[in-house]
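Structure assessment
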Amino acid sequence: MYSSLDELYELQYHLHGLLKEKKYQALSLIFNSIRQAKHSCLPAGRLALICSLDFLFPQYMPAREPVHAQLLAWHFACPEDATPCLLLAESWFAIAHETRLTGATATPGGQPVPRVVIANAAGFAWAIQAIASGSYCAKVFMLLMNAAGYLGTPGGAKNGLWPVVFSVHQFCDDALAFARQFGALPLDKGPVSLALRLPTYSETRFPALYWFNRTLEYDPTNIAVREQWVQLLSPLYYGDSRYQAVNHFLSSEHCQSLGLPERNQLWRMKIYDKINNPVLWPLPGKTYRIRRLDAHFRRLLALPLHPEAQACGYQAYARFCQHFLLNRQGRSWRLTPWFAGQIVQCVTALVKIDAPCFWLMHSDQVFSLLALLLENKLAPEAEIKQVLVSVVALTRARGSSVFDALLTLLSATQRGVAGLKQALPASQLLTLQSRIQQAAAGQLWQACNNLVALGYGQALGGVLLQAAQQGGRQAALFLADVQSGANPQALSAMALPENLLQAQYVFIQAGEQGDAHARFLHSRLLERLIGRTSKPSEITRLVLAREKLLYQSQHAGHALARYDYACALALSDSPEKVQQGLEQHCPAILLSGNISGDYRAYIAYLFAFCALHGRGMAKNLWLVDFWIQRAWLWSLSPRYLQFRDDVVSRYPLYMLYRRRVKMHQKSVPEWQIRLIRQLGFEASVVEVLA
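The numbering scheme is per chain: residues are counted from 1 as the chain's sequence reads. Local features in this predicted model are restricted to residues of pLDDT 70 or higher, and side-chain atom pairs are both shown and tallied only at a pLDDT of 80 or more, whereas totals for entire chains, interfaces and linings draw on every residue. Side-chain numbers come from the whole structure's heavy atoms, not from hydrogens or water.

Below, the discussion takes up the pattern of salt bridges. Working definition: two side chains of opposite charge can pair if their charged atoms are close together. Criterion for a salt bridge: a side-chain nitrogen of Lys or Arg within 4 Å of a carboxyl oxygen of Asp or Glu. One pass over the structure, following the stated rule, counts 22 salt bridges. A salt bridge links Glu10 to Arg398, with the shortest nitrogen-to-oxygen separation between them at 3.1 Å. One end of the pair, Glu10, is in helix H1 (residues 5-20); the other, Arg398, is in the loop between helix H20 (381-395) and helix H21 (402-411), with 388 residues separating them in the sequence. Throughout this description, buried means an accessible area under 20% of the type-specific maximum (1.4 Å probe, protein chains only), exposed means over 50%, and partly exposed covers the range between. A relative accessible area of 40% places Glu10 in the partly exposed class. Owing to a relative accessible area of 17%, Arg398 belongs among the buried residues under this scheme. Ionic pairing is found between Glu527 and Arg546, a salt bridge with its closest N-O pair at 3.6 Å. Secondary structure elements are defined from DSSP: runs of H or I of at least 4 residues count as helices, runs of E of at least 2 residues count as strands, and each element is numbered from the N terminus.

In structure tokens:
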């Protein structure tokens, strides 16, 4: 039952249809039948996958509002079903983790950030409601274990009653405004009985242990919860630097009663904690240390493991290889051919592994790796094309991503794609086009660019043009963006003429209909026009027009427009705008938590750049050092460390640089100190280990 990629894909397709038609009773019946079949028919890990946000809502991630709206409607229609409560809990815990990563320190026991606290409290309340319904699975205990371990426990049991308490009066206005933007805040239902035993003394002192034990009582063979427990016992969280706590757990009855593949999987998790953290990886150019890490990764690939775990191992190694494909200047270096070849070998090995869950959820990442190699010409084209044909033949575009939806549409064209040609019913074609329209713009742009790099630009252009003619706004915006000159490679591959007037017309028409993304793309077009213009009056006109578009887009909730607007103000020629951008808009971006690490890193770089050159603030070397290290930790881009190296090189001795940094620490502006504390950092210098 659900042991093949075809079966999982058909189930996902069916569930998406029920969600779209709002047939919540039918959804609940399916999930109840799956839970009942868990111990007799389902392979290991299938239930956790099926009862996950990524499985049910791949087209909406990372947007939360439409997901919460559907789950809340499902909960009200079927209050006895635990599934919508479980998914809401998973979503709120994910929000808490993402918000925590924007600034708060990774070590447990630090000062809690109010936004993290409110998201964590919402997740706990929904998880408790899921358990109270009675129709739950082990995943809810795993969610609570991770939340208790990484984020803390908002409230515990008392006399067997668990509080479902979410009083708005206990949170500050900023935290409430942050949480309300996502919707689906839990209702305050007071204490409920969960029919769970009371915690022991040890479990009271360490609440994560309580939920770990509950998981194993419910599902004794659960390997995922053991992996997560190994992570909690690592030195970064609750363990010791010599891994004695992890070793004790691995030698306990919890692990020794398992089979060899499961024990290998847990031992690999311990080794990954030492070697699979990109923050601790050496910089490109440190050949000896990189080769040692490479040898460690390759030894782990030889372990006897279950297919899904084996596939994840190859994926982790491929990410490691991708990280070191280029040097600090973004160019090929001595190890580029080696790592490019290893990526090709990883994908070749993945094709031979029977891992349907991996291919359903991560096939687009495999295609991205091949696209990267082709785009940068890092491996022989014929070899990559051969591997591509093998991957397409295996998956037949049966994945859950936007890339797979586009690949399926390409396979239905006259020429097909990579040897795959299939006739699709009209209903499935409409569903696929709907998925593309509902996809996040970033996901669609990335998927289209990957298909262009893989050599299917012309066919993709035909599919998108047909979709645009049928009223598909996302397809029309992508084509207009390409015709505006945003992506010359895609323009050439799709055989489209550059047409700035046509692109502007499409952007203006969509913008007048309230499309914030169209205004954002229009602003990016004006930014390119500014770079081509030399007349001061025309530059001023374009700058003002661009700022107006960004202002309108950010007020409509467009996160990237908000980011661009902040950067435009910080880099403008007006001292008032620079100060406004640095003191108001850039801090708001960092505190919002709704942009990726690369964009947060660039905001941190702006702070460092302005502190170095005295733009909008007094020169301060401590701020330069602090923010450029934040930029590195948030993005892992070598160019930020190169910036720091250039600053350090101005001093004859590193000791003199550090002395000047400590001296400037006393004169940090108050608004910067406040921002740093709001992000959860301490006002102290943190060394980067290079």
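Moving on from the coordinates now.
Moving on, we get to empty space enclosed by the protein. Here the term cavity refers to a set of points on a 1 Å grid, laid over the protein atoms alone, in which a 1.4 Å probe fits but cannot get out; the term pocket refers to an open set having protein on both sides within 12 Å along at least five of seven lines, with lining residues being those that place an atom within 4 Å of a point. Grid points are joined across faces, edges and corners, and a volume is the space filled by probe spheres set on the points. Going through the model one piece at a time under the given rule, you end up with three cavities of 30 Å³ or more. Counted as a void, the largest cavity has a volume near 70 Å³. What lines the largest cavity is Tyr9, Gln12, Tyr13, His16, Thr431, Leu432 and Arg435. It is H1 that contributes the most residues to the lining of the largest cavity, four residues altogether. Estimated volume of the second largest cavity: approximately 40 Å³. Every residue along the wall of the second largest cavity is listed here: Arg35, Ala82, Thr83, Leu86, Ala130, Ser135, Tyr136, Cys137 and Val140. Residues belonging to the lining of the second largest cavity are distributed by class as follows: six nonpolar, two polar and one charged. The residue classification treats Ala, Val, Leu, Ile, Met, Phe, Trp, Tyr, Cys and Pro as nonpolar and Asp, Glu, Lys and Arg as charged. All others, Gly included, are polar.

The predictor attaches a confidence to each residue, called pLDDT, with possible values from 0 through 100. Chain-level statistics for the protein give a pLDDT mean of 87 and a share of 93% at 70 or above. Working rule for contacts: check all heavy atoms of both residues, and any pair within 4.5 Å makes them a contact. Scored below 50 in pLDDT, residues 104-110 makes 13 contacts in the model with residues more than four places away or belonging to other chains.

Turning our eyes to something else, we now look at the side chain of Thr395. Tracing the backbone shows Thr395 in helix H20. Assessed through its relative accessible area of 1%, Thr395 is described here as buried. Apart from residues no more than four positions distant in its own chain, Thr395 is found in contact with Leu5, Trp359, Ser363 and Phe367.

With that out of the way, let us pick up the nonpolar core. As used here, the term nonpolar core means buried Ala, Val, Leu, Ile, Met, Phe, Trp, Tyr and Cys residues forming a set that is joined through side-chain atoms within 4.5 Å. In terms of nonpolar packing, the biggest core is built from 195 residues, with Trp74, Ile131, Trp211, Phe320, Leu406, Leu454 and Leu464 touching the most fellow members. Top contributing element to this core by residue count: helix H19 (residues 356-375), with 12 residues. When sequence neighbours within four positions are dropped, the list of residues in contact with Trp74 reads Tyr24, Leu27, Ser28, Phe31, Leu56, Asp81, Thr83, Pro84 and Leu87. In terms of nonpolar packing, the next biggest core, distinct from the first, is built from 43 residues, Ala566, Cys567, Ala570 and Val578 among them.

Let's shift gears to a nonpolar patch on the surface. There is a patch of nonpolar side chains on the surface, built from Leu653, Met655 and Leu656 and spanning about 270 Å² of accessible area. Its location among the elements puts Met655 in helix H35 (residues 654-664). To count toward a patch, a residue needs a relative accessible area over 30% and no salt bridge; like charges are then connected within 9 Å, while nonpolar side chains (Val, Leu, Ile, Met, Phe, Trp, Tyr) are connected within 5 Å. Accessibility throughout is a Shrake-Rupley quantity obtained with a 1.4 Å probe, and a residue counts as covered only by protein chains that appear here.

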